[in-house]
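Coordinates in review
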Amino acid sequence: MKFLDWYLKIAFGSALIGASMEFFMIKTGFYDKVTVLESEKRAWENSPEAQAVREALNPWRNRDVEAKKES
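Residues numbered from 1 in each chain as written. Predicted model: local features only at pLDDT ≥ 70, side-chain atom pairs only at ≥ 80, totals over all residues. Heavy atoms only, no water.

As for the overall build of the protein
Condition: Secondary structure elements are defined from DSSP: runs of H or I of at least 4 residues count as helices, runs of E of at least 2 residues count as strands, and each element is numbered from the N terminus. Relative accessible area decides the class of each residue, using a 1.4 Å probe on protein chains only: under 20% of the type maximum gives buried, over 50% gives exposed, and in between gives partly exposed. Lys and Arg are tallied as positive, Asp and Glu as negative. Neither His nor the chain termini are counted. A charge is said to be at NZ when it belongs to Lys, at CZ for Arg, at CG for Asp and at CD for Glu.
The number of helices and strands found in the protein is 4 helices and 0 strands. Each of the three principal axes of the protein carries a C-alpha extent, and together these read 70 × 35 × 15 Å. Relative to its full complement of 71 residues, the protein shows a buried share of 4%. Computed over 11 positive and 11 negative side-chain charges, the inter-centroid distance for the protein is 5 Å.

Laid out in structure tokens, this is it:
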């Protein structure tokens, strides 16, 4: 291959940048924060309040009721 050394340099540089980003995220506690935020989001999505908001914002709620009455 004509440009093999160039591709290897790019691959090595990309891997180095990716590894440094992962190291930074681990050291700053990024994954711990994201885990807490995701668990709070899932807990809220399963709450009765979220169900009520989802039903209130559903533009098809009247058509769903009509379709159930017709069948």
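What follows continues from the structure just given.
Quick look at a nonpolar patch on the surface
Spelled out, the test is: Only residues whose relative accessible area exceeds 30% and that form no salt bridge are eligible for patches; like-charged ones are grouped when within 9 Å, while nonpolar side chains (Val, Leu, Ile, Met, Phe, Trp, Tyr) are grouped when within 5 Å. Every accessible area reported is derived by Shrake-Rupley at a probe size of 1.4 Å, with residue values counting cover from the shown protein chains alone. For salt bridges, the criterion is a side-chain nitrogen of Lys or Arg within 4 Å of an Asp or Glu carboxyl oxygen.
Taken together, the side chains of M1, F3, L4, W6, Y7, L8 and I10 define a hydrophobic patch exposed on the protein surface, amounting to about 830 Å² of accessible area. Locating F3 in the fold gives a position in the segment before α1 (4-27).

Some words on α1
Rules: One less than the residue count of a helix, multiplied by 1.5 Å, gives the span that helix is expected to have.
Over its 24 residues, α1 extends 34 Å from the first C-alpha to the last, a length consistent with the 34 Å expected when each residue adds 1.5 Å. Positive phi appears at G29, one or two residues downstream of α1, with a value of about 80 degrees.

Some remarks on the confidence of the model for the protein
The following threshold applies: By definition, pLDDT measures how confident the predictor is in each residue, and it falls between 0 and 100.
Here the protein averages 88 in pLDDT, and 93% of its residues register 70 or above. Within the protein, helix α4 (residues 61-70) has the poorest average pLDDT of any element, 69, and α1 the best, 96.

Details of the environment of T35
Of note, T35 is situated in helix α2 (residues 30-45). By relative accessible area, T35 is classed as exposed at 52%. Sequence separation between T35 and P48 is 13 residues, and the spatial gap between their C-alpha atoms is 22 Å.

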